[in-house]
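# Summary of structural features
This is what each chain is made of:
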Amino acid sequence: MSDKKVIIVGAGPGGLSAATILAHQGFDVTVLEKEEEVGGRNGPVSLGPYKFDTGPTFLMMKFILDEVFRLTGRNIDDYLECVLLDPMYRLQFDDREVICSPDHKAMQEEIDKKFPEEKGGQMDKFLSWEKNRFQKLMPALRRDYTSWTSLCSRELIRSLPYFGANRSLFDVLGNYFKEDKLKLSFTFQAKYLGMSPWECPGGFAIIPYVEHAYGIWHVMGGLFKICEAMAKIVREEGGQIYLNSPVKSLLIKDKKVGGVLLEDGNTLTGDYVIINADFAYAMENLMEKNTLPRYNSQKLAKMKYSCSIFMLYLGLDKLYDLDHHNIYFARDYKKNVDDIFKGNKLSQDFSIYVQNASVTDPNLAPEGHSAIYVLVPVSNNQSGIDWEKEKDPFRQRVLDKIKERTGIKDLEDHIVEEKIISPLEWEKDYNVYLGATFNLAHSMSQMLYFRPPNKFRKLKGLYLVGGGTHPGSGLPTIYQSALISTSLILKEQGIDIKSPLVWTPGQAQSLS
Ligand SMILES: Cc1cc2nc3c(=O)[nH]c(=O)nc-3n(C[C@H](O)[C@H](O)[C@H](O)COP(=O)(O)OP(=O)(O)OC[C@H]3O[C@@H](n4cnc5c(N)ncnc54)[C@H](O)[C@@H]3O)c2cc1C
């Protein structure tokens, strides 16, 4: 146990996971959140009687979240009702639809039916080879890279051939499948990282693998319930969460971070400060220019960022018969992806993801109504797209696209509540640098040792959690970032929390 004081800037999933673990270990934890609710990008959107997740709707690798709860001495089932989805999602191409199931036999049958030209597909080969990759990569993804000696670590060296640094995700899926649309069914997941399947390192084939091996979960009430449950645990453990409390800057003296200055002029001192706010936003705004030359404005501008997202949340006074997760691919998916990542323009024909969680969860809309969440990947704000001007016409194009692709013709007659978040609002209201919703890109030059560290070498007492640090963006990796960063603090205090997911030197345990 330790009674050291920890200040956490931001109550997103990263900050709250760290807060629960440290509060349980006796640390005096204070979380400062600028908004009136916890959750950040994983918080709720409430529109009248309708509830939506702001961001994450796919919960994968739930075992990492289970472990965060276990490390607080609790069982996740006492706090959340998690439901394994089957089917996981429906993929709609121009000429066929593919229903993806975590049941491997059913998935193989679907491949045989929808892709007869594949002559059997290679689901078994995909699962067994990617399981091997997953087991090789996990030890490297679980460890910290705060020292250059990590570059010589056994975990990293053993994993290197499996990162697929010289091949794209799309290429790697060619090991198992021939048909482009079948490859896309296992590579569109690059969008979770805000990347193109043709650019994303091949090692990320572990993402479709973990979906098919461990499934995709929904949390009843919405995924934002995870953050609410974590906030409850922090308070149960005696920690403090202050809402409507934006942090203005870090208090830094003699290369040591000793606390924070709030926007209201108050200061708070602590032994450790953990930043959960968006990484590049924090480097730009929470410290004086050039405090960390490696992350000064010019260097930040040169880093690579994920795409952004145009969001539409629709409260509808009609129950629609759509699956829980539906992905509609642009007819020319490659062109759509190139427009986002290279052309920096809005595509004529674009892909959309439509979530209709009301079919699984009655808590999100009144009986007979629907709460529909629409996500459209678009370029981040490096594109220069003028969203003040584009927002309304693009909204109409998105509604037209839903009508065209889903066959729901009367959508506009039933909208009773509506909210838009464009790349502009991600940047302005959510403090997301360039509106790059999935944080820094996950190219090899920005991963592992080269991603912003869990613990800063040049500023004592300062740590990072969330999508901007190692291992990366996405709920499971964000929880893992909290496991890594807190384990470094705990280690400094002589506490070993003994967890299969928390790395300790020399340990390279694999997961099955
Ligand atoms: C639309 C969308 C869909 C996504 N879908 C998925 C998905 O299906 N599955 C998945 O695994 N991941 C998904 N993600 C990615 C990722 O899981 C989420 O973005 C996640 O919420 C990021 O968590 P975080 O802890 O890094 O940061 P955030 O959730 O952004 O939390 C940071 C917190 O810091 C606060 N803050 C910022 N500045 C200050 C300040 N100055 N003072 C005090 N507080 C401050 C913010 O208000 C926020 O609460 C999605 C993301 C988006 C945007």
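Look a little higher up for the structure.
Residues numbered from 1 in each chain as written. Predicted model: local features only at pLDDT ≥ 70, side-chain atom pairs only at ≥ 80, totals over all residues. Heavy atoms only, no water.

### Some thoughts on the site of the ligand
In the vicinity of the ligand lie 39 residues, with Glu 33, Arg 41, Asn 276, Gly 467 and Leu 475 positioned nearest. Interatomic distance of 2.6 Å between a side-chain N/O atom of Glu 33 and an oxygen atom of the ligand. In the environment of the ligand, an oxygen atom lies 2.8 Å from a nitrogen or oxygen atom belonging to the side chain of Asn 276. At the level of secondary structure, the elements contributing two or more residues to the shell around the ligand comprise α1 (13-24), β14 (308-316), β17 (370-378) and α15 (475-492). With three residues, α15 is the single largest residue contributor to the shell around the ligand. The residue inventory of the shell around the ligand, partitioned by class, reads 19 nonpolar, 16 polar and four charged. (Near = heavy atom within 4 Å. Polar contact = N/O pair within 3.5 Å; in protein donor to acceptor, adjacent residues only side chain to side chain. Helix = DSSP H or I, 4+ residues; strand = E, 2+ residues; numbered from the N terminus. Nonpolar A, V, L, I, M, F, W, Y, C, P; charged D, E, K, R; others polar.)

### Points about the sheet that holds strand β9 (residues 240-242)
Spatial ordering of the open sheet is given by β9-β2-β1-β13-β19, a layout of five strands whose pairing is parallel. Among the strands making up the open sheet, the edge pair consists of β9 and β19 (462-464). Between one strand axis and the next, the sheet turns by 20° as a mean value, whatever way the strands run. In the sheet, strand β1 (residues 5-9) pairs with strand β13 (residues 272-275) via four bridges, with the strands oriented parallel. Paired with Ile 7 across the strands is Val 273, a residue of β13. (Pairing = 2+ DSSP bridges. Axes fitted to C-alpha atoms, helices over the stretch in contact; angles between N-to-C directions.)

### Brief notes about empty space enclosed by the protein
The final tally for this structure, using the stated rule, is four cavities of 30 Å³ or more. Roughly 70 Å³ of internal volume is contained in the largest cavity. In terms of lining residues, the largest cavity is bounded by Met 283, Glu 284, Met 287, Glu 288, Lys 289, Asn 290, Thr 291, Leu 292, Tyr 295, Asn 296 and Ser 297. When the residues that make up the lining of the largest cavity are grouped by side-chain class, the tally is four nonpolar, four polar and three charged. (1 Å grid on protein atoms, 1.4 Å probe; cavity = no way out; pocket = protein on both sides within 12 Å on 5 of 7 lines; lining within 4 Å. Points joined across faces, edges and corners; volume = space filled by probe spheres on them.)

### Considering the layout of surface pockets
Here the second largest pocket defines a volume of roughly 380 Å³. When the residues that make up the lining of the second largest pocket are grouped by side-chain class, the tally is eight nonpolar, eight polar and four charged. In this structure, the lining of the second largest pocket is formed jointly by two domains, domain 2 (113-213) and domain 3 (308-434), each of which donates at least three residues. (Domains from an automatic or database assignment.)

### Some details on the packing of helix α2 (residues 62-70) against α15
One can describe the packing of α2 onto α15 by two numbers: an axis separation of 8 Å at closest approach and a directional angle of 35°. In terms of crossing hand, the pair formed by α2 and α15 is left-handed. Between α2, through Ile 64, Leu 65 and Val 68, and α15, the contact on the second element is made entirely by Pro 476, Tyr 479, Gln 480 and Leu 483. Tallied by class, the residues present in the contact of α2 with α15 amount to six nonpolar, one polar and no charged. (Left-handed = near helix turned anticlockwise from the far one by under 90°. Contact = heavy atoms within 4.5 Å.)

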